[in-house]
Amino acid sequence: DFTDTIQLLNLVLVLLEKVDKELFTMLRHHVQPFFCLSWLITWFAHDIKDLRVLARMYDAFVVSHMLLPLYATVALITTPCVRTEIKRLFEYGHDTPEVYSYLQHVPGLISYYKDGTIPVDTLLSQTLDIYHLYPPHVLLSTETASALSDASMVWHGYPYPWYTKKENIKKGFFYTEQ
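Bear in mind that the values here come from a model prediction, so they are computed numbers and not experimental data.

A. Structural view of the side chain of aspartate 47. Looking at where aspartate 47 falls in the secondary structure, it is placed in the loop between α3 (37–41) and α4 (51–62). Separated by 2.6 Å, the side chains of aspartate 47 and serine 38 make a polar contact. Filtering out sequence-adjacent residues up to four positions away, aspartate 47 remains in contact with Ser38, Trp39, Gln104, Pro107 and Gly108.

And the structure:
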């Protein structure tokens, strides 16, 4: 059943609308969020070849909320260099397949080094900024997200309710009040 995956992909658009309304408006009618399917289901492993970058991202993903890869997806497409290129593609009349193709290759821009196109630590910092602005319980409570999500989904109960705040912090989870 692909239902949960489709809902996760649609949450990319819900979060993108909150983070960058202009970019959301440019993309929503032209590009479905399928460009980031492999990013989300493989935690970017399918698209990033530098093992150091993957290890750094996996470190963050493993110790945090299960939706952090979604936040990283939105952080990645809203980075200034990616946002500028998307805008340029639309301004010069490029059509949907070209924009889609560009977006599919964006994870290749992530670099381990601070002087790279998109340094991994900068991306993770932006990811956490977005995470703290729109934590999962807020994101999933929006009207649009509520229509997409199901109360039985595990996304609602993480960090697990049987962990106390102290235990979550001890385990390294990015704790948010619910």
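B. Quick peek at unusual backbone geometry. The phi torsion at tryptophan 43 lies on the positive side, around 50°, for a residue other than glycine. Along the chain, the position of tryptophan 43 falls in the loop between α3 and α4. Here phenylalanine 44, not a glycine, exhibits a phi torsion of approximately 75°, which is positive. Turning to its location among the elements, phenylalanine 44 is positioned in the loop between α3 and α4. Residue phenylalanine 44 is classed as buried on the basis of its relative accessible area of 0%.

C. Spotlight on the packing of helix α1 (residues 3–19) against helix α2 (residues 21–28). Put simply, α1 and α2 touch, their axes get as near as 6 Å, and they point 140° apart. Classified by the angle their axes make, α1 and α2 are oblique. From α1, Leu13, Leu16, Glu17 and Val19 reach across to α2, where they touch Lys21, Leu23, Phe24 and Leu27. Split into classes, the residues belonging to the contact of α1 with α2 amount to six nonpolar, no polar and two charged.

D. Representation of the nonpolar core in the model. Core analysis: the largest hydrophobic core is formed by 49 residues, its most contacted members being Leu27, Phe44, Met57, Leu70, Tyr71 and Leu103. Listing elements by their share of this core, those giving two or more residues are α1, α2, α3, α4, α5 (68–77), α6 (80–91), α7 (96–104) and α8 (120–133). With residues up to four places along the chain from it excluded, the contact list for methionine 57 reads Phe44, Ile48, Ile110, Val120, Leu123 and Leu124.

Conventions adopted
Residues numbered from 1 in each chain as written. Predicted model: local features only at pLDDT ≥ 70, side-chain atom pairs only at ≥ 80, totals over all residues. Heavy atoms only, no water. Helix = DSSP H or I, 4+ residues; strand = E, 2+ residues; numbered from the N terminus. Polar contact = N/O pair within 3.5 Å; in protein donor to acceptor, adjacent residues only side chain to side chain. Contact = heavy atoms within 4.5 Å. Buried < 20%, exposed > 50% of the residue type's maximum accessible area, 1.4 Å probe, protein only. Axes fitted to C-alpha atoms, helices over the stretch in contact; angles between N-to-C directions. Parallel < 35°, antiparallel > 145°, perpendicular 65-115°, else oblique. Nonpolar A, V, L, I, M, F, W, Y, C, P; charged D, E, K, R; others polar. Core = buried A, V, L, I, M, F, W, Y, C linked by side-chain atoms within 4.5 Å.

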